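What follows is the residue order along each chain.
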Amino acid sequence: QVQLVESGGGEVQPGGSLRLSCAASGSIFTMPTMGWYRQAPGKQRESVAVITSAISTNYADSVKGRFTVSRDNAKNTVSLQMNSLKPEDTAVYYCYARARGTILDRPRDYWGQGTPVTVSS
């Protein structure tokens, strides 16, 4: 019902910047929360940054001050500006949304296909 498509991943040197974007499409009744998770090799998926429709944000301690999440409610998009990247930020980044497809649906979690980010010299 809700499709999430990410873009913007890639390879960057330590200290560099990348911007990830995600567009939601399909049947969307409400989408109170959007954000980004990441999964590094051999590790569990973890929350990076989430943002509500009221533009309230929450960040993982490891990215505070370096990453900024934003969303456009009118366009159903969410972005992640990543600055001062470190090798430990290397992971596959997944767009996330908690949404209701129709008024009859209960809220459920939706995931994008993932976009790789590699921070290496």
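Refer to the structure printed above.
(A) Region of the structure containing unusual backbone geometry. A positive phi angle is found at isoleucine 55, which is not glycine, with a value near 65°. Tracing the backbone shows isoleucine 55 in the loop between β5 (46–52) and β6 (57–59). For isoleucine 55, a relative accessible area of 47% translates into the label partly exposed.

(B) Structural context of the packing of aromatic side chains. In this structure the tally under the stated criterion is three aromatic pairs. Arranged with centres 4.9 Å apart and planes meeting at 80°, the rings of tyrosine 37 and tryptophan 111 form a pair that is edge-to-face. Of this pair, tyrosine 37 sits in strand β4 (residues 30–39) while tryptophan 111 sits in strand β10 (residues 108–111), placing them 74 residues apart in sequence. Take tryptophan 111: its relative accessible area is 35%, and that puts it in the partly exposed class. Put simply, the rings of Tyr37, Tyr96 and Trp111 pair up and form one aromatic cluster. The side chain of arginine 45 reaches across the aromatic face of tryptophan 111, ending 4.7 Å from its centre. Lying across the ring of tyrosine 110, arginine 108 places its NZ or CZ 4.1 Å from the centre.

(C) Broad picture of the nonpolar core. Of all hydrophobic cores here, the largest spans 31 residues; its most connected members are Trp36, Leu80, Met82 and Tyr93. The element that contributes the greatest number of residues to this core is strand β9 (residues 91–100), accounting for five residues. Apart from residues no more than four positions distant in its own chain, methionine 82 is found in contact with Gly16, Ser17, Leu18, Leu20, Arg66, Phe67, Tyr93 and Val117.

About the criteria used
Residues numbered from 1 in each chain as written. Predicted model: local features only at pLDDT ≥ 70, side-chain atom pairs only at ≥ 80, totals over all residues. Heavy atoms only, no water. Helix = DSSP H or I, 4+ residues; strand = E, 2+ residues; numbered from the N terminus. Buried < 20%, exposed > 50% of the residue type's maximum accessible area, 1.4 Å probe, protein only. Phe/Tyr/Trp six-rings, centres within 6.5 Å; stacked < 30°, edge-to-face > 60°. Lys NZ or Arg CZ within 6 Å of the ring centre and 35° of its normal. Core = buried A, V, L, I, M, F, W, Y, C linked by side-chain atoms within 4.5 Å. Contact = heavy atoms within 4.5 Å.

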